[in-house]
Amino acid sequence: MESGLNITPIGYIRSGKPLKFDARHQPDEKQAETNILEMIPGDKYQKALKDLAGFDRIWLIWWFHRNTDWRPEVLPPRGPSKRRGVFATRSPHRPNPIGITPVQLIEVKKGKLILGPCDLVDGTPVFDIKPYIPAYDSFPDSKAGWIDEVDAALSAPPAFAVEFTPLAREHMNWLQNNWGIDFQVRLLEILSRDPSPHRTRRIRSRHGDLFDLGCGAWYAVFQVADQTVTVLHLKPAFPLKFLNDPARPVLPDREAQLAFRSAWPKLVD
Ligand SMILES: C[S@@+](CC[C@H](N)C(=O)[O-])C[C@H]1O[C@@H](n2cnc3c(N)ncnc32)[C@H](O)[C@@H]1O
């Protein structure tokens, strides 16, 4: 065991995103979103934040604390269904699960930083902050290996048309209007490119010619014919025994899933 490799959090992120699914793969700079880094109380950390206010951006160096395993090869969510060496990806499943994110620094307050969009789940421990310095940290003309290939493929027109049955539209509107849950962008983005089974994109082949795509605590059930994907309906992902189990107090969208089961009992197992 090496000595001197101790590391402790300097603070924790309050992002309001309890689920990994809710956090973006990288920060979405188009979202008008604020997040907070709550520093561990104490004069030392307060002093360490001196002079940071003039920087537009900072690097957060943090821990994927929700992960327990790592894999030498991973299946990135974007691009074709192809495994990549974990060091050639930003996957959370790393031998030392350290994340790095350049975030907008909106304000330095006593004991906390107000930040722009980020890709961290609520409660993520943060180990360090460094100023983002464009002259040191930005090399926009650098090649980005397989990511460049994926981006080039994504700039081509989508290969599949996506249609929704009236029932699927009813489900999407019901989720949106009653529970503020909106999957339309994700469904269109993923299914119009490639609806084939993919573990990280959570697409599975089901019985017959049916497939489903996991969206947080929900599934979208679909069929593919020629170059058209038809979304048939949505359904809750958790079985009733989980939803009613008091030993599982924090199930995502629990109330919404129970309400869906009452409204469309024939669609759930
Ligand atoms: C693809 S990683 C990229 C993280 C960082 N920007 C990087 O490049 O190192 C972002 C994903 O990590 C997951 N994630 C965020 N916070 C996490 C945490 N504390 N533990 C485990 N997974 C987390 C979320 O699913 C999010 O979509």
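Residue positions within a chain follow its written sequence, with the count starting from 1. Selection of residues for local features in this predicted model requires a pLDDT of at least 70, selection of side-chain atom pairs for listing and counting requires 80 or more, and totals for whole chains, interfaces and linings are taken over all residues. Here the side-chain values reflect all heavy atoms present in the structure, with hydrogen atoms and water set aside.

## A closer look at the domain arrangement of the protein chain
All the domain ranges listed were derived from an automatic or database domain assignment. Assigned domains of the protein chain: these are domain 1 (11–151) and domain 2 (161–267). Once you take the C-alpha centre of each, domain 1 and domain 2 turn out to be 29 Å apart. Every contact between the two is made by 11 residues of domain 1 and, on the other side, 11 residues of domain 2. Carbon and sulfur atoms make up 55% of the surface buried where domain 1 meets domain 2, a total of about 830 Å² over both sides. When the buried area of domain 1 at its contact with domain 2 is split by residue, Phe21, Leu75 and Pro77 rank highest and sum to 56% of it. Pairs of N or O atoms within 3.5 Å make up the polar contacts considered here, provided that, within protein, one atom can donate a hydrogen while the other can accept it, and that residues adjacent in sequence are counted only when both atoms are side-chain atoms. In this structure, the connection of domain 1 to domain 2 is made through 3 residue pairs in polar contact (both at pLDDT 80 or more). Polarity classes work like this: nonpolar for Ala, Val, Leu, Ile, Met, Phe, Trp, Tyr, Cys and Pro, charged for Asp, Glu, Lys and Arg, and polar for all others, with Gly in that last group. Here the residues of the side of domain 1 that touches domain 2 sort into 6 nonpolar, 2 polar and 3 charged. Here, residues are in contact when the closest pair of their heavy atoms is within 4.5 Å. Joining two parts hides part of their accessible area as seen by a 1.4 Å probe, and the buried area is that hidden amount summed over both.

## Some points on the site of the ligand
Summary of the distance rule: residues count as near a molecule or strand when at least one heavy atom falls within 4 Å of that molecule or strand. Contacts to the ligand come from 20 residues, most closely from Arg24, His65, Arg90, Asp119 and Thr124. Contacts to the ligand include Gln26, whose side-chain N or O atom sits 2.9 Å from a nitrogen atom. Contact between the ligand and Arg90: an oxygen atom at 2.7 Å from a side-chain N or O atom of the residue. All accessibility values rest on the Shrake-Rupley procedure with a 1.4 Å probe; residue burial counts only the protein chains present in the view. Contact with the protein chains covers 94% of the free accessible surface of the ligand, which is 600 Å².

## Some details on the pairing of strand 2 (residues 35–39)
Only protein chains enter the accessibility calculation, which uses a 1.4 Å probe; a residue is then buried when its area is under 20% of its type maximum, exposed when over 50%, and partly exposed in between. Strands are runs of DSSP state E lasting at least two residues, helices are runs of H or I lasting at least four, and both sets are numbered from the N terminus onward. Taking every second residue as pointing to the same face, the buried face of strand 2 carries Asn35, Leu37 and Met39, while none of Ile36 and Glu38 on the other face is buried. Examined bridge by bridge, strand 1 (residues 11–14) and strand 2 share 4 bridges and lie antiparallel to one another. Bridge pairing in strand 2 links Ile13 to Leu37. Bridge count for strand 2 against strand 7 (residues 112–115) is 4 bridges, and the pairing is antiparallel. When the sheet's bridge partners are listed, Asn35 is paired in strand 7 with Leu115. Here a strand pair is declared whenever DSSP counts at least two bridges between the two strands.

## Side note on the pattern of salt bridges
Side-chain pairing between opposite charges can occur once the charged atoms of the two side chains come close. Between Lys or Arg on one side and Asp or Glu on the other, a salt bridge is scored when a side-chain nitrogen of the former is within 4 Å of a carboxyl oxygen of the latter. Scanning the entire structure with this criterion turns up 12 salt bridges. Of the charged contacts in the structure, one is a salt bridge between Arg14 and Asp122, with a shortest N-O distance of 3.8 Å. In this pair, Arg14 is assigned in strand 1 and Asp122 in the loop between strand 7 and strand 8 (125–131), connecting sequence segments 108 residues apart. The exposure class of Arg14 is partly exposed, given its relative accessible area of 33%.

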